[in-house]
Amino acid sequence: MALFGEILAELRQERKMTQKELAKVLYVTVGTISNYETGVHLPDIEKLTALADYFNVTADYLLGRCKFDFSLDMFEEVLLM
C-alpha cells in the first residue's frame, strides 16, 4: 500500500497543483509540503484533517489504510439495492 507522502503528491498532481499552491491552502511553507511528500515529516492532526477535507477523501485513505479514495459525500448517500 502507498505511503502518505506518495498519496499526497498524487492527489496534488491530479489537481495540477504545485507544492507552493498547496502550501498556501494549508498555511505552511513549501518546505513543509516537500517534507510531507518525501516522508521526512507527517502532518499533525489538524493538517491531516485539512488535507482530507481539501481533497475530499478520508484520513484513512491519506494514511494508506484503504485502497479507494471514495468521496466523503458517498458515505452520506443511501445505497439502493
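Rules used throughout
Residues numbered from 1 in each chain as written. Predicted model: local features only at pLDDT ≥ 70, side-chain atom pairs only at ≥ 80, totals over all residues. Heavy atoms only, no water. Helix = DSSP H or I, 4+ residues; strand = E, 2+ residues; numbered from the N terminus. Buried < 20%, exposed > 50% of the residue type's maximum accessible area, 1.4 Å probe, protein only. Contact = heavy atoms within 4.5 Å. Areas by Shrake-Rupley, 256 points an atom, 1.4 Å probe, with all protein chains shown as cover. Core = buried A, V, L, I, M, F, W, Y, C linked by side-chain atoms within 4.5 Å.

1. Remarks on the overall build of the protein
Then, number 1: When its secondary structure is counted, the protein shows 5 helices and 0 strands.
Then, number 2: By the burial criterion, 30% of the 81 residues in the protein qualify as buried.
Then, number 3: Considering only contacts within the protein whose residues lie at least 6 apart along the sequence, 47% involve residues at least 24 apart.
Then, number 4: For the protein, the computed accessible surface area is about 5700 Å², with 57% contributed by carbon and sulfur atoms.

2. Details of the nonpolar core
Then, number 1: Counting 17 residues, the largest nonpolar core has Phe 4, Leu 8, Leu 11, Leu 22, Leu 51, Phe 55 and Leu 62 as its most contacted members.
Then, number 2: Mapped onto this core, the elements with two or more residues apiece are α1 (4–14), α2 (19–26), α3 (30–38), α4 (45–55) and α5 (59–62).

3. Notes on the side chain of Glu 37
Then, number 1: Mapping Glu 37 onto the fold places it in helix α3.
Then, number 2: Accessibility expressed as a relative area gives 15% for Glu 37, which makes it buried.

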